[in-house]
Each structure stands twice: as structure tokens, then as C-alpha cells.
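So the chains spell out like this:
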Amino acid sequence: MIDYIKEHKQFLYLLIIWCVVGMFGGPAFLGVIPLCIILLKRKKMYVELICGLFFVAVLSDSWSDSMAWTKNIKDVYLVMLSLFVFFDPKEFPYKNTIFLPFIPFLVVAVALIARSPDIIPTAERTLSYILVVVVLPAYYTKMLTEEPDRFIKGLVYTGVGLLLYGLIFIPIDFHMTYLAGRYRGVMGNPNGLGIFCTVFFAFFTIATNKYKTIFSKKEIRFIYITILVTVALTGSRDAILSITIFYSFSRFFKMSYWLGFILIIIIALVYQIIVANITDILTAAGLKEFMRADNLKEGAGRIVAWRFAWVQIQHNFFFGKGFGYESWIFFQNQPMLNAMGHMGNSHNSYLAQWLNTGLVGLIFFLFALIYRSVKASARSVYALPLMYSVMFSATFEAWFIGSLNPHTPMLILMWTMMMVDAKAVTPEKKPAFDKYKIPTLAHEQKITS
């Protein structure tokens, strides 16, 4: 990892410059960062473009005022990436079918914009969802086909770097990295960091099993330890259980698909027994404090949110009121919900999707999710374990309804990665980033093979 940082140190400097300009440069970041994006595109540094997007997306989850710039620039970033695809299609010649099952869902979402109580934000969120589902797989397919080693390594080190940054800052700024006694790292809340660790754990597992020579055994152990230590510090029960589901199902499906399905049936049969006695089980296992068993029955405010969401769904059962309606209706009723012990929104992706797009939209969305997973299962034993894991995680957090968050783009990446055939490094090698200075408007240096 240190060697990689040395080799790509100028890209690291570029990310640092973005942060400095964003935090202290006022509106200058709206000019500086788009200019850097254009220059990276001119240099055909697509790996750096996607790593930069993930970097911004993770930091945009932060609640710190110093990171407010990321929330503004990430939408600009996505639009620019989309324009590159639409106006330079020759650079993206590979077949992109990841988004096709989502077309009915997206059509419904677009049609429901007119029903929104706040049309402009709804239209913006709908456009963002469309671009993430349609455009990002084009970049993923290109990178996984042309230079998979550099692409996977770049994304993994970007994610691990952000996790390590949070861990390093614990003794430096405790209040920045902790919220109400729970670790949140560089992100806004512990549960959000837990979701990120869940999808990042799955992504790293799938990547290292498909591209076996990218990381050494020491690197693999170090990265897994970093992820798991972070999850443990967050105390996120959902993340711990989601990762356990992914890992356990992966092991069973590797041995036999039949064993995997038998495990599903067993879990379904004993689920109610476990839920009814979960507090006693955790106490007997000595995990009562770690898993915060005392507030399990209260659902940490989630039961209040779920009941409220279900009541609101009755008013728009088959067709919702567009993306963002869930946030809008919870905000309108925030004082009442706070008095009942609830903070935040619905804490459930399915209820949130139902509120936004109605039962029709939810069915189309679930069809696309399951279809994508089943299709990928023909190529990877990790496809169905991934589906079970993320569907469980989505039961307790409404991250499916977000497009440009740190989680959804990575889920789409995993589907793409499982569908794209593993190949050797592209015959026409791309130049390493550190062969150039940080991109400027100067005349481009000629590249010799």
C-alpha cells in the first residue's frame, strides 16, 4: 500500500488540494475541481476520475461543516462524467446492460415527479439516480476490461485510506470521530459507516477472489482487519449481522448451492424464535453491552419511524410522490417524531421506496435487484450472498433510495464486476499517474508506449 501511495502520490496531492480549496477557498472549489475533472479526462485517467468520485461521495456523508463542499460538488462531478460518456462514446465501446432491468422503475420515478410536493429537488434526485444507474456502469465496464488491476487497487486503497484516516484521528479529535459514544470516522453517523463497511467488505471479497494476484496475503489481512475493527468500533448491529450473512452464505454457496439454500430455509424457520429471544441470547453469549441489547425491543426509534411510514403509505399506496418524498414527509413531522423518541427518516429502504414510488415502483425496483443478482449468480458464487446481505441491511437503513451515496455506486460496481470477464492487463497500457505533474492547462505531454 505504501508503494502504491508513493507511485500515485500526485493524485493524493490532488485530493488534498480539493479538500483545502473546498474547506478554505469559498466558492473557488466550484471552478477548481471541475477544471481538474476535465484535465483528468483529457489525460484519459479514468481510474483517477472514479476514485475521485468515490472519495467525494464518502466525504459527502459527513455532517461536518468543513465537508459541506462535497455535497455541492458531487452532483456536478456526476453530471460531468455523464457528459463525457454521451459526447465521447468512442471511449466507452463496451456493452453496458446493467441498467436495463431498472428501466421500468426509472420510468415510474420520472412519471411521479409531477406528484411531488417539492418538484425541483425530486427532479434532481431522479436525474441523479438515472445517471448513477446508467452512466457509472459504463466507466466500471471500461476499467474492468482495460485495466482491472489498477482500477481495483485504486478503489480499495481509496476506501481503506478513508477508514484509516478516521482511525488515526480518534486520539487527535475524539468529537469529530465519535457521535453519542459511537465511532463514525469521517462519515456522518455510525450506522452510515457500518453500511459502507458492509458493502466495502463484500466488494473487497469479490475483487480478491476474482482478481487473485492484485493484493498480497499481508495486504489482504491488513485490509480485512481495518474493515472489521472499524465495524466493531461503530457498534452497528446491522453491519455486523450483514457482514456475517455475506460471509456465512458465501462459504456455504462455495461448497454447494444446495447448502446455501438449505441455510436460507433454516434461517427462515428459526428467525422468529431468535427475534423473540434475542436479548437473552446476546446476554448468554456475553454480547449484551457490545450489541446494545437493552434497546433492541425499542428498535432505537425505528419502530416509531416504521409505523409512521406505514400510515403515510396508505395515502399513496400504489403510486408515491417521487424521490425525496420520504425525507420531506418526515421533516414536516419532525417535532412529533422527536417527541416519540425518533431521529432521522424511515430507517427502512423498502418503506422509503414505497413512500417515494408506491407499491408499483417498489415491485419494479425489487424485480431489478433480484434479477441482477440472479443473473450474476451464474458467474459468481457471491452474487446471492451479496443480495441477502444488502437486503438485510436495507431493512434497517434507507440507503437504497440514495443514488450518489457511498453505498449504491459500490453495489452497482459489484454487479458489474461479477458480470465482466476477468482479463489480463490491457495490451495498450495506460501511463502511471506520477509520470505527470498535477494536470494543468499546459500542452499535454506526448505518451510513448
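Above this text is the structure in question.
Because the structure is a prediction, the values reported are computed rather than measured.

Right, let's talk about the packing of aromatic side chains for a bit. Within the structure shown, the criterion is met by 38 aromatic pairs. Arranged with centres 5.2 Å apart and planes meeting at 55°, the rings of Phe201 and Tyr224 form a pair that is tilted. With Phe201 in helix 10 (residues 190-210) and Tyr224 in helix 11 (residues 217-234), this residue pair connects regions lying 23 residues apart in the sequence. Following the ring pairs from residue to residue traces out a cluster consisting of Phe102, Phe105, Tyr129, Phe323, Tyr350, Phe365, Trp399, Phe400 and Trp415. The aromatic ring of Phe84 is capped on one face by Lys41, whose charged end is 5.7 Å from the ring centroid.

Now for unusual backbone geometry. In this structure, Ala180 takes a positive phi of about 55° despite not being glycine. You can see Ala180 is positioned in the loop between strand 1 (178-179) and strand 2 (182-183). Residue Ala180 is classed as exposed on the basis of its relative accessible area of 80%. Located in the positive-phi region is His347, a residue other than glycine, with phi close to 55°.

Oppositely charged side chains are able to pair whenever their charged atoms sit close together. Following the criterion strictly, the structure yields seven salt bridges and no others. A salt bridge links Glu147 to Arg150, with the nearest nitrogen and oxygen atoms 3.0 Å apart. Each member of the pair, Glu147 as well as Arg150, carries the same accessibility label: buried. Bridged by salt links that share partners, the residues Lys44, Glu91, Lys142 and Glu146 form one connected network.

Now for the environment of Leu136. Along the polypeptide, Leu136 turns up in helix 7 (residues 119-146). Of the residues examined, Leu136 reaches a relative accessible area of 1% and is grouped as buried. Along the chain, Leu136 and Pro409 lie 273 residues apart, while their C-alpha atoms are 7.5 Å from each other.

Here the focus is a nonpolar patch on the surface. On the surface, Ile5, Leu12, Tyr13, Ile16, Val20, Met23 and Phe24 cluster together to form a nonpolar patch covering roughly 660 Å² of accessible area. Looking at which element gives the most residues to the nonpolar patch, the answer is helix 2 (residues 9-24), with six residues. With respect to the helices, strands and loops of the structure, Leu12 is situated in helix 2.

Between two packed helices, what matters for the description is the angle formed by their axes and the separation of those axes. One way to put it is that helix 4 (residues 46-59) packs onto helix 7 with a least axis distance of 10 Å and a crossing angle of 135°. One element, helix 4, and the other, helix 7, form an angle in the oblique class. Crossing hand, helix 4 versus helix 7: left-handed. Residue-level contacts link Tyr46, Val47, Ile50, Leu53 and Phe54 of helix 4 to Leu136, Tyr139, Tyr140, Lys142 and Met143 of helix 7. By residue class, the composition of the contact of helix 4 with helix 7 is nine nonpolar, no polar and one charged.

Take helix 2 next. End to end, helix 2 covers 22 Å across 16 residues, agreeing with the expected 22 Å (1.5 Å per residue, within 8%). Every buried residue belonging to helix 2 is among Gln10, Phe11, Leu14, Leu15, Trp18, Cys19, Val21 and Gly22, and all of these are buried.

If you look at the biggest cluster of nonpolar residues, it comprises 123 residues, and the most contacted ones within it are Phe151, Ile152, Val156, Phe203 and Leu386. Per-element tally for this core: the top contributor is helix 10, with 12 residues. When sequence neighbours within four positions are dropped, the list of residues in contact with Val156 reads Phe200, Phe203, Phe204, Phe215 and Ile223. With six residues, the next largest nonpolar core counts Phe249, Phe253, Leu384 and Met387 among its residues.

Rules and cut-offs
- Residues numbered from 1 in each chain as written.
- Predicted model: local features only at pLDDT ≥ 70, side-chain atom pairs only at ≥ 80, totals over all residues.
- Heavy atoms only, no water.
- Phe/Tyr/Trp six-rings, centres within 6.5 Å; stacked < 30°, edge-to-face > 60°.
- Helix = DSSP H or I, 4+ residues; strand = E, 2+ residues; numbered from the N terminus.
- Lys NZ or Arg CZ within 6 Å of the ring centre and 35° of its normal.
- Buried < 20%, exposed > 50% of the residue type's maximum accessible area, 1.4 Å probe, protein only.
- Salt bridge = Lys/Arg side-chain N within 4 Å of Asp/Glu carboxyl O.
- Patch = residues over 30% accessible without salt bridge, like charges linked within 9 Å, V, L, I, M, F, W, Y side chains within 5 Å.
- Areas by Shrake-Rupley, 256 points an atom, 1.4 Å probe, with all protein chains shown as cover.
- Axes fitted to C-alpha atoms, helices over the stretch in contact; angles between N-to-C directions.
- Parallel < 35°, antiparallel > 145°, perpendicular 65-115°, else oblique.
- Left-handed = near helix turned anticlockwise from the far one by under 90°.
- Contact = heavy atoms within 4.5 Å.
- Nonpolar A, V, L, I, M, F, W, Y, C, P; charged D, E, K, R; others polar.
- Expected span 1.5 Å × (residues − 1).
- Core = buried A, V, L, I, M, F, W, Y, C linked by side-chain atoms within 4.5 Å.

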